[in-house]
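Residue-level structural notes
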Amino acid sequence: MELEPLYLTFKLAAITTFLLFFIAIPLCYWLVQTRSKFKPIIETIVSMPLVLPPTVLGFYFLVFLGPNHFLGSWLQNTFGIQLVFSFTGLIVASIIYSLPFMVHPIQAGLSSLPKSYTETAQLMGKSRFLILSKVLLPNIKPAILTGIVLTFAHTIGEFGVVLMIGGNIPEKTKVASIAIYDEVEALNYTAANQYSLILLGISFAVLLSVYLINGGYLKRVVR
Amino acid sequence: MIKCEFSKTYTSDKRAFTLNIQTSFKQKAINVIFGPSGAGKTSLLRLISGLDQIDEGIVKANHIYWENTSKKKRTSIAQRNIAYVFQDYGLFPNMTVLNNLKFVKKKLNQELLNDVIATLEIKHLLMTKPNELSGGQKQRVALARALVQQPDLLLLDEPLTAIDEVLRHKLQSYLITLQKKYQFTVIMVTHSLQEVLKIAHHVCVMNHGEVIDQGTTAILLSKNPDNTLKGTVLHINQTTVTVLVGVQQILVNKSQILDTDYTQGQIIRILIQNNLT
């Protein structure tokens, strides 16, 4: 069993989770505060990956970010960024594919807080950044932890999107879930089993921690 | 003077509720908005604070327009220097009581902070988090946090309803003491006539989204011979007594209703509300 696919998997999951956290926080704050008529459209787009087959998402990434499309060629010619069949492309795809797993818990957490927290701080003349960082986020730690854990776990389990946009390039885009598929195709069940056991154990531990949070145990620890 | 002349319609799926407000509040005094539930009292507070926006009209404080829809003028919420004690107090659960107070301003007036902590008797609670406080303690902390902001205007949305009568009387006394000392303007919402009688310098009676009467408590009561505040069903029995000997307190059913010194020969008027709320 090679360790590279496992390393790539956790690197992808960590970077995706980290970046998605900073994307999701302002997005969630906007979704909770806004009275815009575009809110349902944005919420629908955020939730699309929940119901869409990963291959559909991967297919459109491949089309739009490929060198034959305006967007893909522009990115390549202007910034030298090639998103198709690259690790950077995997990160972009993972961020979009895992978006609802980070946004939903944090949005639910922010919505559950009384309006009076924000309004009291507004009346004190505090900035949005200060309200968010000092008042709102510290009071939804369990929701944030749930978002982080679910995003991390979901990225570890990605297959369809990763295969479509990243292909199967060793040491570049070959993550553990694809390695398992490869090993099974090569009838190397021992290696496939080793990868699978590791992913199974990690997924179990990660999801167990989510249920402990929801059960209130980690809630007390975190506070 | 805080002058309010505006209209606002709140619409929800079920119904629309319109406020048509024509009233003013006295500066450096305790103003009480009184009226039954659903009269629009809280909405009026929110519109004055700027948390909700009026549809049409003006809100003017000390010759400065906080809202003026015809000139499309609006003073930002922060510039109004308002402290607001919400019905749920809005204390931040992640901070201790002391940190809740310190969060208000970068440079707190230390003398004021100490005075407020002493007057409201919260020194022993400073390292406690709000979730560990009782209802009465939360109210004192919320009031303290509002006061250390040194607001020009203090808005109180029925802050004294969820506590027992003895504590309520005590908190009312705190408020009177602190207002007298620091001379800020208070606008307080209540549906308790007892509160109006005890603390109000100026009363604004509301019903169905409109201010239907305003003035001092005495004027309002004398205007209404049946001793009711217009538009309410809370009746008061009024009686005049002459104090025969000096008294320090008057008890009705073991509840202290007056706590000032009264001297021999002084004529006082006692208002007894049938149903203290």
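Anything mentioned here points back to the structure above.
This section reports on the structure supplied with the text. (Residues numbered from 1 in each chain as written. Chains lettered and ligands numbered in written order. Predicted model: local features only at pLDDT ≥ 70, side-chain atom pairs only at ≥ 80, totals over all residues. Heavy atoms only, no water.)

1. A closer look at the interface of chain A and chain B
Residue-level contacts link 17 residues of chain A with 22 residues of chain B. Together chain A and chain B conceal approximately 1,700 Å² of surface at their shared face, both sides included; 61% is due to carbon and sulfur atoms. Our count for the contact surface shared by chain A and chain B stands at one salt bridge. For Glu119(A), the salt bridge is made with Arg46(B), and the minimal N-O distance between the two is 2.6 Å. At the boundary of chain A and chain B, one finds seven residue pairs in polar contact (both at pLDDT 80 or more). No other element matches the eight residues that helix α6 (residues 115-123) of chain A contributes to the side of chain A that touches chain B. Across the side of chain A that touches chain B, the residue classes tally to seven nonpolar, five polar and five charged. (Contact = heavy atoms within 4.5 Å. Buried area = accessible area lost by both parts, 1.4 Å probe. Salt bridge = Lys/Arg side-chain N within 4 Å of Asp/Glu carboxyl O. Polar contact = N/O pair within 3.5 Å; in protein donor to acceptor, adjacent residues only side chain to side chain. Helix = DSSP H or I, 4+ residues; strand = E, 2+ residues; numbered from the N terminus. Nonpolar A, V, L, I, M, F, W, Y, C, P; charged D, E, K, R; others polar.)

2. Details of the side chain of Thr120(A)
By secondary structure assignment, the location of Thr120(A) is in helix α6. Excluding its chain neighbours within four sequence positions, the residues that come into contact with Thr120(A) are Phe86(B), Gly90(B), Phe92(B) and Arg145(B).

3. Here's the deal with the packing of aromatic side chains
Considering all chains together, one arrives at ten aromatic pairs over all chains under this definition. Measuring from centroid to centroid gives 5.4 Å for Trp74(A) and Phe79(A), while their planes differ by 90°, and the two rings are edge-to-face. Lys11(A) extends its terminal NZ or CZ atom over the ring of Phe87(A), reaching a point 4.7 Å from the ring centre. Over the aromatic face of Tyr10(B) sits the side chain of Lys8(B), whose NZ or CZ is 5.2 Å from the ring centroid. (Phe/Tyr/Trp six-rings, centres within 6.5 Å; stacked < 30°, edge-to-face > 60°. Lys NZ or Arg CZ within 6 Å of the ring centre and 35° of its normal.)

4. Let's talk about empty space enclosed by the protein
Within the structure shown, the criterion is met by three cavities of 30 Å³ or more. When its volume is computed, the largest cavity comes out at roughly 80 Å³. In terms of lining residues, the largest cavity is bounded by Thr120(A), Leu123(A), Met124(A), Ile82(B), Ala83(B), Tyr84(B), Val85(B), Tyr89(B), Ala142(B), Arg145(B), Ala146(B) and Gln149(B). Elements with a minimum of two residues in the lining of the largest cavity: α6 of chain A together with β7 (82-85) and α4 (135-148) of chain B. Looking at which element gives the most residues to the lining of the largest cavity, the answer is β7(B), with four residues. Of the residues assigned to the lining of the largest cavity, the class counts are nine nonpolar, two polar and one charged. In this structure, the second largest cavity occupies an estimated 60 Å³ of space. Lining the second largest cavity, in full, are Val85(B), Gln139(B), Leu143(B), Leu156(B), Pro159(B), Leu160(B), Leu171(B) and Leu175(B). (1 Å grid on protein atoms, 1.4 Å probe; cavity = no way out; pocket = protein on both sides within 12 Å on 5 of 7 lines; lining within 4 Å. Points joined across faces, edges and corners; volume = space filled by probe spheres on them.)

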